[in-house]
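Structure at a glance
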Amino acid sequence: MSTATSTLTYAVHDSMTMLRRNLKHALRYPSVSLGPAMMPILMLFLFVYAFGDTIGAGLPGAGGGRDAYLAYLTPGILIIGVAAGAMSTSIAVCQDMTEGIVNRFRTMNITRSSFMTGHVVGSVITTLVSLVLVVGVALALGFRPDANPLEWLEAAGLVTAIAFAVAWLSAALGLISKTVESASNKPLLIQFLPFLGSAFVPAASMAPGLRWFAENQPFTPMTETLRGLLTGSPIGNDGWISLAWCAVIALVGYVWSRSLFNSSTKR
């Protein structure tokens, strides 16, 4: 076995060990790991039953009504669910960095990158499980997507890519946090951005300045792509733009978190 192959094998093995560790933590504290699903579910109930008839009546070409708004809202709620997972990732990374476990890892013969990989992959898995719960509630409320099996697969791939990108950026935010409290506050911008997109209403209906921001921020094309895959509305270039945003966010988060983690373990 070559040196490169051996190194890769050890890295994968160590990353899987760290992933199992994080998944066991998620199973031990389900209220923390599945907590991000609660806010999207509550918002789904609130907006559908409190505002669904009114907002649904104003949707262009949707036929109006609560069911029309549920079909429009559900993809946006799923994107909000992905963003909501940022807080738990940031907190988990910060806890490990401040509670001494990383110092113990330094004394062990493990691949340095496996610590962050385990957190990121674990975050993606728990986020996807949370979104399954959100989809289940939406279906129970009457959401009836028009997606075929291929479009469902594409939607799952898009959500996974978004969750992966958000997880890397959240991990970096956890690394720069000195306390768990600050780690819970830093991802608020990530969580808030989908609200300033097309999750609840079309961007075209917003005031000019807000409309420009909504149309040019990352979560709007992601929402529109997911909406198109699930409901059959046009996607246009939003799919490629979404993937480009995912790549940029993931790369920034990866490089930033790797630099932070390497510098912290050299102290």
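Please read all numbers here as calculations on a predicted model, not as lab measurements.

1. Quick notes on the confidence of the model for the chain
It should be kept in mind that the predicted coordinates are not to be read in detail where pLDDT is low. Predicted confidence across the chain gives a mean pLDDT of 85, with 88% of residues reaching 70 or more. Taken element by element, the predicted model of the chain shows its lowest mean pLDDT in helix H2 (residues 30-33) (65) and its highest in helix H11 (residues 219-231) (95).

2. Quick look at helix H4 (residues 66-98)
The end-to-end C-alpha distance of H4 is 47 Å, a good match for the 48 Å that 33 residues give at a rise of 1.5 Å each. At Leu-73, H4 shows its largest kink, close to 30°, and the proline Pro-75 lies no more than four residues downstream. With 24 of 33 residues buried, H4 is to be regarded as a mostly interior element. Immediately downstream of H4, the backbone of Gly-100 shows phi near 95°, a positive value.

3. Observations concerning helix H3 (residues 35-57)
Taking 1.5 Å per residue, 23 residues should reach 33 Å; H3 reaches 32 Å between its end C-alpha atoms and fits that length. Of all the bends in H3, the greatest measures close to 75° and is centred on Phe-51. Restricting attention to buried positions, one finds in H3 the residues Pro-36, Ala-37, Pro-40, Ile-41, Met-43, Leu-44, Phe-47, Val-48, Gly-52 and Gly-56.

4. What about the nonpolar core?
Judged by nonpolar contacts, the single largest core of 57 residues is most densely connected at Leu-44, Leu-73, Ile-77, Ile-162, Phe-200, Phe-219 and Leu-226. At the level of secondary structure, the elements contributing two or more residues to this core comprise H3, H4, helix H6 (114-141), helix H7 (149-176), H11 and helix H12 (238-265). Excluding its chain neighbours within four sequence positions, the residues that come into contact with Leu-73 are Leu-44, Phe-47, Val-48, Ala-199 and Phe-200.

5. A word on the packing of aromatic side chains
Two aromatic rings, taken as a pair, are described by how far apart their centres are and by the angle between their planes. One pass over the full model with this rule turns up 8 aromatic pairs. When the ring of Phe-45 is compared with that of Tyr-49, the centres are 6.2 Å apart and the planes differ by 20°; the resulting orientation is stacked. With Phe-45 and Tyr-49 both in helix H3 and 4 residues apart, this pair spans about one turn of that helix. Of the residues examined, Tyr-49 reaches a relative accessible area of 43% and is grouped as partly exposed. Consider the rings of Phe-164 and Trp-168, whose centres lie 6.3 Å apart with planes at 85°: the pair is edge-to-face. One end of the pair, Phe-164, and the other, Trp-168, are both in helix H7, 4 residues apart, so they sit about a helical turn from each other.

6. Overview of a nonpolar patch on the surface
A cluster of nonpolar residues, Ile-241, Trp-245, Val-248 and Val-252, forms a patch on the protein surface that exposes about 320 Å² of accessible area. Along the chain, the position of Trp-245 falls in helix H12.

7. Things to note about the pattern of salt bridges
Side-chain pairs of opposite charge can arise where the charged atoms are in close proximity. Tallying each qualifying case throughout the model produces 3 salt bridges. With a shortest N-O distance of 3.3 Å, Asp-53 and Arg-66 are connected by a salt bridge. In this pair, Asp-53 sits in helix H3 while Arg-66 sits in helix H4, placing the two residues 13 residues apart along the sequence. Residue Arg-66 is classed as partly exposed on the basis of its relative accessible area, which comes to 30%. Note that Arg-211 is salt-bridged to Glu-215, the shortest N-O span being 3.0 Å. Taken as a pair, Arg-211 and Glu-215 lie in helix H10 (residues 208-216) at a separation of 4 residues, close to a single helical turn. Look at Glu-215 and you get partly exposed, because its relative accessible area is 41%.

Rules of the game
- Residues numbered from 1 in each chain as written.
- Predicted model: local features only at pLDDT ≥ 70, side-chain atom pairs only at ≥ 80, totals over all residues.
- Heavy atoms only, no water.
- pLDDT = per-residue confidence, 0-100.
- Helix = DSSP H or I, 4+ residues; strand = E, 2+ residues; numbered from the N terminus.
- Expected span 1.5 Å × (residues − 1).
- Bend = angle between axes of the 7 residues up to and from the residue.
- Buried < 20%, exposed > 50% of the residue type's maximum accessible area, 1.4 Å probe, protein only.
- Core = buried A, V, L, I, M, F, W, Y, C linked by side-chain atoms within 4.5 Å.
- Contact = heavy atoms within 4.5 Å.
- Phe/Tyr/Trp six-rings, centres within 6.5 Å; stacked < 30°, edge-to-face > 60°.
- Patch = residues over 30% accessible without salt bridge, like charges linked within 9 Å, V, L, I, M, F, W, Y side chains within 5 Å.
- Areas by Shrake-Rupley, 256 points an atom, 1.4 Å probe, with all protein chains shown as cover.
- Salt bridge = Lys/Arg side-chain N within 4 Å of Asp/Glu carboxyl O.

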